[in-house]
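Each chain, written out:
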Amino acid sequence: MALLKVKFNQKKRVKLAQGLWLMNWFSVLAGILVFSMGLFLKVELRKRSEVMDNSESHFVPNSLILMGILSCAFNGFAGKICYDSLDPTKFAKWKPLLKPYLALCFLFNILLFFVALICFLMRGSLDSTLAQGLKNGMKFYRDTDTPGRCFMKKTIDMLQIEFKCCGNNGFKDWFEIQWISNRYLDFSSKEVKDRIKSNVDGRYLVDGVPFSCCNPSSPRPCIQYQVTNNSAHYSYDYQTEELNLWRRGCREALLHYYSSMMSSMGAVVLLVWLFEMSVMVGLRLLHTSLESIANPEDPECESEGWILENNLKDTLKSALESLKKIGKFNQVEAGAEGAEGEEGGKTPAITTVS
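What counts and what doesn't
Residues numbered from 1 in each chain as written. Predicted model: local features only at pLDDT ≥ 70, side-chain atom pairs only at ≥ 80, totals over all residues. Heavy atoms only, no water. UniProt positions renumbered as here; feature names shortened; annotations may be inferred. Helix = DSSP H or I, 4+ residues; strand = E, 2+ residues; numbered from the N terminus. Phe/Tyr/Trp six-rings, centres within 6.5 Å; stacked < 30°, edge-to-face > 60°. Buried < 20%, exposed > 50% of the residue type's maximum accessible area, 1.4 Å probe, protein only. Axes fitted to C-alpha atoms, helices over the stretch in contact; angles between N-to-C directions. Parallel < 35°, antiparallel > 145°, perpendicular 65-115°, else oblique. Left-handed = near helix turned anticlockwise from the far one by under 90°. Contact = heavy atoms within 4.5 Å. Nonpolar A, V, L, I, M, F, W, Y, C, P; charged D, E, K, R; others polar. Core = buried A, V, L, I, M, F, W, Y, C linked by side-chain atoms within 4.5 Å. Domains from an automatic or database assignment. Disulfide = S-S within 2.5 Å.

In the nomenclature of an unreviewed UniProt entry, the protein chain is known as Peripherin-2 of Columba livia. The record in UniProt for the protein chain states the following under Sequence similarities (unreviewed entry): "Belongs to the PRPH2/ROM1 family." Database annotation for the protein chain, UniProt heading Subcellular location (unreviewed entry): "Membrane".

Trainee: Quick question: what am I supposed to make of the UniProt feature "transmembrane region" (unreviewed entry) in the protein chain here?
Mentor: Mapped onto this numbering, the UniProt entry annotates "transmembrane region" (unreviewed entry) at residues 20–41, 62–81, 101–122 and 255–275. Counted over residues 20–41, helix gives 100% and strand 0%. Its end C-alpha atoms are 31 Å apart. The span residues 101–122 is 95% helical and 0% strand by assignment, and the distance between its end C-alpha atoms comes to 31 Å.

Trainee: Please clarify how the packing of aromatic side chains should be interpreted in this entry.
Mentor: When we look at a pair of aromatic rings, we describe it by the centre distance and by the angle of the planes. The tally for this structure, following the rule as stated, stands at 12 aromatic pairs. Measuring from centroid to centroid gives 5.1 Å for tyrosine 257 and tyrosine 258, while their planes differ by 65 degrees, and the two rings are edge-to-face. For tyrosine 257, a relative accessible area of 26% gives the class partly exposed. On the basis of relative accessible area, tyrosine 258 is assigned to the buried category, the value being 0%. Taken together, Phe74, Phe77, Tyr101 and Phe108 form an aromatic cluster joined through their ring pairs.

Trainee: Explain the packing of helix α2 (residues 59–84) against helix α8 (residues 250–291) here, please?
Mentor: The relative placement of two packed helices is expressed as an angle between their axes plus a distance between the axes. Interaxial distance between α2 and α8 falls to 12 Å at its minimum, and their mutual angle equals 25 degrees. Considered as vectors, α2 and α8 are oriented roughly parallel to each other. Read as a crossing pair, α2 and α8 show a hand that is left-handed. Along its contact with α2, which presents Val60, Leu64, Ser71, Asn75, Ala78 and Cys82, the element α8 presents Met262, Met265, Val269, Glu276, Val279, Leu283 and Leu286. Of the residues belonging to the contact of α2 with α8, the class tally is 10 nonpolar, two polar and one charged.

Trainee: Is there a simple way to think about the nonpolar core in this case?
Mentor: In a soluble, globular protein the nonpolar side chains are often hidden away together inside. Core analysis: the biggest nonpolar cluster contains 78 residues, and Leu41, Leu64, Trp174, Val209 and Leu254 have the highest contact counts within it. Listed by contribution, the elements that provide at least two residues to this core are α1 (10–47), α2, α4 (95–121), α5 (123–139), α6 (152–163), α7 (190–197) and α8. Composition of this core by domain shows at least three residues from each of domain 1 (3–137 + 252–308) and domain 2 (171–247). For leucine 41, the residues in contact, after removing those within four places along its chain, are Val60, Pro61, Leu64, Tyr258, Met261, Met262 and Met265.

Trainee: Hey, could you run me through the state of the cysteines in this one?
Mentor: In total, this model carries three disulfides according to the counting rule given. Through a disulfide, cysteine 214 is tied to cysteine 222; the S-S separation comes to 1.7 Å. Since a negative S-S torsion denotes a left-handed disulfide, the cysteine 214-cysteine 222 link at about -65 degrees is left-handed. Residue cysteine 214 is classed as buried on the basis of its relative accessible area, which comes to 16%. If you count the bonded cysteines of the protein chain from the N-terminus, they pair up as 1-6, 2-3, 4-5.

Structure representation (structure tokens):
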């Protein structure tokens, strides 16, 4: 028994073709939207590529861009088929291509569904990428004279100001690295010498943070040096007082920003996928209803359309049998080639008659 069998007359077939033509052009617009989202996400990721460890995060925007292009191509082609289906003479040339085209549409929709899932599942990979990238970026913060790193200070400062964050996981991350360049240190000063000698790496570590960590909304002037020294500031306790530094780490801020963006894009792609599935089902019904017309010379006669010619179980069974036949055919060919090789390798015996 066919799956989702529907009876059509000429009027219904025309309405279905016209409706699908319109839906396909809406799908082209949806493909442009998916392409635009991928392009926008790629630009946003490239803006902060200096604080990202690798390029794995670009897999999502690249996939969205590819799916957008394929959606425009597939649906533009399907729109042409639906338009020509109104004329039997024009539709005849598309008949041999419809089955392969529907198979490609099915594969495309599977890929589109997986791209939507990836948009939701990339959070873990993005988290590790940002964590390592920000850690490396903070190490290079002081290298304002080093080629290739001279803009890192500006990048980190602008990042902390824009996203209202400080450090990788928090402001204390700045205590563990030397973020002040040696050119601004007075090495004749006893304090500088003591701080450099106080750690085995010979770095100048302070309990201070860059100015970009300061919260301008705080009524108190920014305390960016001696953050953990209560006696250095009047009426101050860094453990209990609400500091006038940004509490949130930049990894968390960026992760939330990109994750929410990707989740929104994933929801849009899922909606596009549902729309594409409905278009593919409609195109299959149109295809089968036109092929099952008993008398092609009488276009007004009734016909039947269906999704699958048999039920799902029988369809899967026949597909597996077809795959087995293909496998057996390949084995027979390989065996025949081996036998020919053995026969060709034998040296014919020559009998001498005296």
